[in-house]
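The residues making up each chain are set out below.
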Amino acid sequence: MNASIRYHSTRSAAPTVPISQAIAAGLAPDGGLYVPERLPRLDPATFDPHGTLADTAATLLAPFFAGDALADDLPAICAEAFTFDAPLRALPAHPGTFLLELFHGPTSAFKDFGARFLAACLRRLPRSDARPLTILVATSGDTGAAVAAAFHRQPNVRVVILYPDGLVSPRQAHQLGCFGDNVTALRVAGRFDDCQRMVKAALNDAELQAQMPLSSANSISLGRLLPQMSYYAHAALGWWREHGTPLDFIVPTGNLGNALACLWAREIGSPIGEVQLACNANATLPEFFAGEDYRPREAVATIANAMDVGAPSNFERLRWTFPDEAALRRLLLAQSVDDDTIRQTIRQHARGQGEVICPHTATAMHRLDRLRGSGDQRPWAVVATAHPAKFESIVEPLIEHPVEVPAALANMLARRSHAEPVAASDTALRARLLAAFEA
Ligand SMILES: *Cc1c(COP(=O)(O)O)cnc(C)c1O
């Protein structure tokens, strides 16, 4: 029953590799994304009703790791990664409305869960190469800090962060540049999609890889995607035990990593009901789900910058999971929310109930406001992907008072910060890496 699951690229069913190899590699050799050859099924009764989030994660992920070199360590990996909670908090003024708060980690955004899990896996994997591993991470704001925090001062690992210069919030920029030691921050004269393309090009550059072993830590890594299922499962299981019904989620979406984790959690049997996607003005997904062709494009800058993605890389995994396009379109609803509406939503919710939300969370909250406006009275969990203090330059002028800064963020803001400029070209990154790290 617990036969081990092998992993292959979204672009071909062969060859297959064990999960630790897929995690170590990041991207599949043919440029595709690793997927499990099948999704397991877990009965809700499998889970310890009194278990912590880390316990839920260990149970949920066990079939994905069965037979792998990391299988025995999985409970320890989960305990190391999930050291903070993902509470499902009821909004007092709105019966049936909940926030799934994913921002209680060290960098105040949900990316901490995946980054810490990936780091805990990589720490344990033997490497044939004695040279340091260089982890490249393209970030639209939050991933870079989460990955840097997870790998900071780890031996034999370097982290190189690429972020779009001027397109992240001042506090995000500060956070990205504040680590030092084994972390290098590069501010790219381009957009997030440029950063992502540059990382992919470097990973696919065999000559470069021969000079320095490279890996990625983007949401394309299974080591980040899989653990993200845990908080959906944990919240939904808790809800289901109490109410006997599935829980519905609205997920702020950019690269489709967090939302896909929610869908996979449902596919493997978590009591999750409807899933809706909220996007910013980058409407690639909303247009697709409205029936148009899938048309990846350049991202436009918005005030929900961590979702500024025009070509969501996990779309390839979504298609693999649901190969029938018509069925896929019936499965999901996606709405695009413009900056003005995001601002209005932040203002209204702060004014009405003193509930301060970040611009990403506001896209999902707006979707719920619309549902409520059309008479929907079901319980919904709005996924809160970041703490509003990370986006104070947007949030504070709207709510007209300061947002309290979580302690971890305050510590980072007190450190010095530095990032190097780099052109938005694959060759510029290559040259930068060779100049800094060539053996
Ligand atoms: C990364 C991020 C998102 C988008 O998540 P995806 O997995 O890329 O869809 C939304 N909100 C915040 C705050 C983020 O950091």
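For clarity, every value in this text was computed on a predicted model and none was experimentally measured.

Next up on the list: the overall build of the protein chain. A count of helical and extended segments in the protein chain gives 19 helices and 13 strands. For a compact globule of 439 residues, the expected C-alpha radius of gyration is about 22 Å, and the protein chain comes in at 20 Å, within 12% of that figure. For the protein chain, with 439 residues in total, the buried portion stands at 60%. Pairs at least 24 apart in sequence give 75% of the contacts found in the protein chain among residues at least 6 apart.

Turning our attention to the UniProt feature "domain: Threonine synthase N-terminal" (unreviewed entry) in the protein chain. As annotated in UniProt, the feature "domain: Threonine synthase N-terminal" (unreviewed entry) corresponds to residues 6-82 in the numbering used here. A helix fraction of 36% and a strand fraction of 8% characterise residues 6-82, whose end C-alpha atoms lie 25 Å from each other.

Around the ligand sit 14 residues, and of these Lys111, Asp142, Gly254, Asn255 and Thr385 come closest. At 2.7 Å from an oxygen atom of the ligand is found a main-chain nitrogen or oxygen belonging to glycine 254. At a separation of 3.0 Å, an oxygen atom of the ligand approaches a polar backbone atom of glycine 257. Protein burial of the ligand: of its 380 Å² of free accessible surface, 97% is covered by the chains. Of the residues assigned to the shell around the ligand, the class counts are 5 nonpolar, 7 polar and 2 charged.

Let's shift gears to the sheet that holds strand β5 (residues 133-138). Pairing is parallel across the open sheet formed by 5 strands, whose spatial order is β8-β5-β6-β7-β13. Looking at which strands have only one partner, the edges of the open sheet turn out to be β8 (214-216) and β13 (420-423). Pairs of neighbouring strands in the sheet enclose a mean axial angle of 30°, with direction left out of account. Bridge count between β5 and β8: 3 bridges; the pairing is parallel. Paired with leucine 136 across the strands is serine 216, a residue of β8. Where helix α7 (residues 192-203) meets the sheet, it contacts β5, β6 (157-164), β7 (183-189), β8 and β13, and its direction lies at approximately 155° from that of β5.

If you check helix α10 (residues 229-243), its first and last C-alpha atoms are 21 Å apart, about what 15 residues at 1.5 Å a residue would give, namely 21 Å. Along α10, the residues classified as buried are Met229, Ser230, Tyr231, Tyr232, Ala233, Ala235, Ala236, Leu237 and Trp239. Downstream of α10 by one or two residues, glycine 244 has phi in the positive range, about 70°.

This structure, assessed with the given rule, holds 26 salt bridges. In this structure, the salt-bridge partner of arginine 343 is aspartate 340, at a minimum N-O distance of 3.1 Å. Residue arginine 343 and its partner aspartate 340 are located together in helix α15 (residues 339-353), separated by 3 residues, close to a single helical turn. Note on aspartate 340: relative accessible area 53%, which makes it exposed. The partner of aspartate 376 in a salt bridge is arginine 378, and the shortest N-O contact between them spans 2.6 Å. Residue classification places aspartate 376 among the buried residues on the basis of a relative accessible area of 13%.

Before going further, it helps to examine the packing of helix α3 (residues 74-81) against helix α4 (residues 111-124). Between α3 and α4, whose axes approach to 8 Å, the crossing angle comes to 140°. In terms of axis orientation, α3 runs oblique to α4. Relative to α4, α3 is oriented so that their crossing is right-handed. Residues Leu74, Ala76, Ile77, Cys78, Glu80 and Ala81 of α3 form the contact with α4, whose participating residues are Phe113, Arg116, Phe117, Ala120, Cys121, Arg123 and Arg124. For the contact of α3 with α4, a count of residues per class yields 9 nonpolar, no polar and 4 charged.

Now for the packing of helix α2 (residues 53-65) against α3. Between α2 and α3, the least distance of the axes is 9 Å, while the angle of their chain directions is 135°. Looking at the two axes, α2 sits oblique to α3. Handedness of the α2/α3 crossing: right-handed. Side by side, α2 and α3 meet where Ala54, Ala57, Ala58, Leu61, Ala62 and Phe65 of the first sit next to Leu74, Pro75, Cys78 and Ala79 of the second. Looking at the contact of α2 with α3, its residues break down into 10 nonpolar, no polar and no charged.

Scoring rules and cut-offs
- Residues numbered from 1 in each chain as written.
- Predicted model: local features only at pLDDT ≥ 70, side-chain atom pairs only at ≥ 80, totals over all residues.
- Heavy atoms only, no water.
- Helix = DSSP H or I, 4+ residues; strand = E, 2+ residues; numbered from the N terminus.
- Rg over C-alpha atoms; globule rule 2.2 N^0.38 Å.
- Buried < 20%, exposed > 50% of the residue type's maximum accessible area, 1.4 Å probe, protein only.
- Contact = heavy atoms within 4.5 Å.
- UniProt positions renumbered as here; feature names shortened; annotations may be inferred.
- Near = heavy atom within 4 Å.
- Polar contact = N/O pair within 3.5 Å; in protein donor to acceptor, adjacent residues only side chain to side chain.
- Areas by Shrake-Rupley, 256 points an atom, 1.4 Å probe, with all protein chains shown as cover.
- Nonpolar A, V, L, I, M, F, W, Y, C, P; charged D, E, K, R; others polar.
- Pairing = 2+ DSSP bridges.
- Axes fitted to C-alpha atoms, helices over the stretch in contact; angles between N-to-C directions.
- Expected span 1.5 Å × (residues − 1).
- Salt bridge = Lys/Arg side-chain N within 4 Å of Asp/Glu carboxyl O.
- Parallel < 35°, antiparallel > 145°, perpendicular 65-115°, else oblique.
- Left-handed = near helix turned anticlockwise from the far one by under 90°.

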